[in-house]
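# Reading the structure
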Amino acid sequence: MNPVLRNILAVVLGWLIGSIVNMALVFAGHFIFPIEGVDPNDMEAMAEVMPTLSSEYFLFPFLAHAIGTLVGAFIAAKIAATYKMTFALVIGAIFLLGGILVSTMIPAPTWFTATDLILAYIPMAWLGGKLCAKGAKKAA
C-alpha cells in the first residue's frame, strides 16, 4: 500500500478505534456510577450537575480519555508506514483538542480538568507509540 495512504489510514483508524474505546468506557462509567435524575446524553443537564459530583464520578471519564487515546495512538503507530511515534502523537493531539473543547462545554472541577488535560492525552499517546515500538522489537 502507498505509504501516504497507509499513514492517512493510521490516523483515521487510530482516531475511530480510540473514540469507540473512549465512548464504551464513558457508557460503562454511567452504568457503574449512574447520576440519579440526569440523562447522560443531555449536555445541559450534565453541565449543571458536574460541579456537584464527587470524585468517583470522574474516574471513568479520565480512564475513557486516557485508554481511548492510548489505544488510538497504538493503532496509529502500528498501521503507520513511517514516523510511527509522530502519528501516535497526532492521535494524542486530536484527542487533546477534543478534551479541551469538551472542558469548555461541560464544566468540571479544576482538579479534574487539569489532571485530564495534562495526563490523559499526550502522555498516553507517547506510551501507545512506545508500546508499539517495543512490540515491534520483540517481533523482529
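Residues numbered from 1 in each chain as written. Predicted model: local features only at pLDDT ≥ 70, side-chain atom pairs only at ≥ 80, totals over all residues. Heavy atoms only, no water.

## With respect to the overall build of the protein
Just so we agree on the cut-off: Helix and strand assignments follow DSSP, with helices taken as H or I runs no shorter than four residues and strands as E runs no shorter than two, numbered in order from the N terminus. Burial classification: accessible surface area is computed with a 1.4 Å probe over protein chains only, and a residue below 20% of its type maximum counts as buried, one above 50% as exposed, and the rest as partly exposed. For this analysis, residues touch if any pair of their heavy atoms sits within 4.5 Å. The method behind every accessible area is Shrake-Rupley, applied with a 1.4 Å probe, and residues are considered shielded solely by the protein chains displayed. Residues scored as charged are limited to Lys and Arg (positive) and Asp and Glu (negative), so that His and the chain ends carry no count. Taken as the charge centre is NZ of Lys, CZ of Arg, CG of Asp or CD of Glu, depending on the residue.
Regarding its fold elements, the protein presents 6 helices and 0 strands. Reading the secondary structure of the protein in the N-to-C direction produces α-α-α-α-α-α. Taking the principal axes of its C-alpha atoms as reference, the protein extends roughly 50 × 25 × 25 Å. Across the 140 residues of the protein, 34% fall into the buried class. A sequence separation of at least 24 residues applies to 77% of the contacts in the protein between residues at least 6 apart. For the protein, the accessible surface area stands at approximately 8,000 Å², while carbon and sulfur atoms represent 74% of it. Treating the 7 positive side-chain charges of the protein as one cloud and the 7 negative ones as another, the clouds have centres 39 Å apart.

## Some details on the nonpolar core
Which entries qualify depends on this criterion: Within this scheme, the nonpolar core is defined by two criteria: the residues are buried Ala, Val, Leu, Ile, Met, Phe, Trp, Tyr or Cys, and they are joined through side-chain atoms within 4.5 Å.
Residues A10, A73 and I91 are the most contacted members of the largest nonpolar core, which totals 16 residues. Those elements that place two or more of their residues in this core are helix 1 (3–32), helix 3 (59–79), helix 4 (84–105) and helix 6 (122–139). Here this core takes 5 residues from helix 3, the largest share from any one element. Excluding residues within four positions of it along the chain, A10 makes contact with A76, I79 and A80. Counting 10 residues, the second largest nonpolar core, distinct from the first, contains I35, V38, A45 and L53.

## Focus: the environment of A64
By the secondary structure assignment, A64 is in helix 3. The class of A64 is buried, set by a relative accessible area of 0%. Excluding residues within four positions of it along the chain, A64 makes contact with N22, L25, V26 and T69.

## Examining the side chain of N7
By the secondary structure assignment, N7 is in helix 1. Taking the relative accessible area as the measure of exposure, N7 reaches 9% and is therefore buried. For N7, the contacting residues outside a window of four places in its chain are A80, A81, T82 and F87.

## Concerning the packing of helix 3 against helix 4
Going by this rule: For helices, the fitted line uses only the C-alpha atoms of the stretch in contact; every axis is such a line through C-alpha atoms, and the angle between N-to-C directions lies from 0 to 180 degrees. Less than a right angle of anticlockwise turn of the near helix away from the far helix marks a crossing as left-handed, whereas a clockwise turn marks it as right-handed. We call Asp, Glu, Lys and Arg charged. Ala, Val, Leu, Ile, Met, Phe, Trp, Tyr, Cys and Pro are nonpolar, and the rest, Gly among them, are polar.
Where helix 3 meets helix 4, the closest approach of the two axes is 8 Å, and the angle between their N-to-C directions is 150°. When you trace helix 3 past helix 4, the crossing you get is right-handed. Of the residues in helix 4, those in contact with G68, T69, G72, A73, A76, A77 and K78 of helix 3 are K84, F87, A88, I91, G92 and F95. Considering only residue class, the contact of helix 3 with helix 4 consists of 7 nonpolar, 4 polar and 2 charged.

## A closer look at the packing of aromatic side chains
Under the convention used in this document: Classification of ring pairs uses Phe, Tyr and Trp, with its six-membered ring standing for Trp, and accepts pairs whose centres are within 6.5 Å; under 30 degrees between planes counts as stacked, over 60 as edge-to-face, and the remaining range as tilted.
A complete count under the given rule lists 5 aromatic pairs for this structure. Both rings, one in W111 and one in F112, keep their centres 6.0 Å apart while their planes meet at 85°; by these two values the pair is edge-to-face.

## A closer look at the confidence of the model for the protein
The condition that has to hold: Per-residue confidence from the prediction method is given by pLDDT, with values spanning 0 to 100.
In this model, the protein carries an average pLDDT of 93, and 97% of its residues clear a pLDDT of 70 or more. Within the protein, no element has a lower average pLDDT than helix 2 (residues 43–49), which sits at 85, and none a higher one than helix 3, at 97.

## Re a nonpolar patch on the surface
Put simply, the test is: Exposure above 30% relative accessible area and the absence of a salt bridge qualify a residue for a patch, where like charges join within 9 Å and nonpolar side chains (Val, Leu, Ile, Met, Phe, Trp, Tyr) within 5 Å. Just to be clear on terms, a salt bridge is a Lys or Arg side-chain nitrogen sitting within 4 Å of an Asp or Glu carboxyl oxygen.
Side chains of M1, V4, L5, I8, L9 and V12 sit close together on the surface and give an oily, nonpolar patch of about 600 Å² of accessible area. Inspection of the secondary structure puts I8 in helix 1. For I8, a relative accessible area of 49% puts it in the partly exposed group.

## With respect to helix 3
The criterion, for reference: The span expected for a helix works out to 1.5 Å for each residue beyond the first.
Helix length check: helix 3, at 21 residues, gives a terminal C-alpha distance of 30 Å against a target of 30 Å (1.5 Å per residue), a fit within 8%. Those residues of helix 3 that fall on the buried side of the exposure criterion are F60, A64, H65, A66, G68, T69, L70, G72, A73, A76, A77 and I79.

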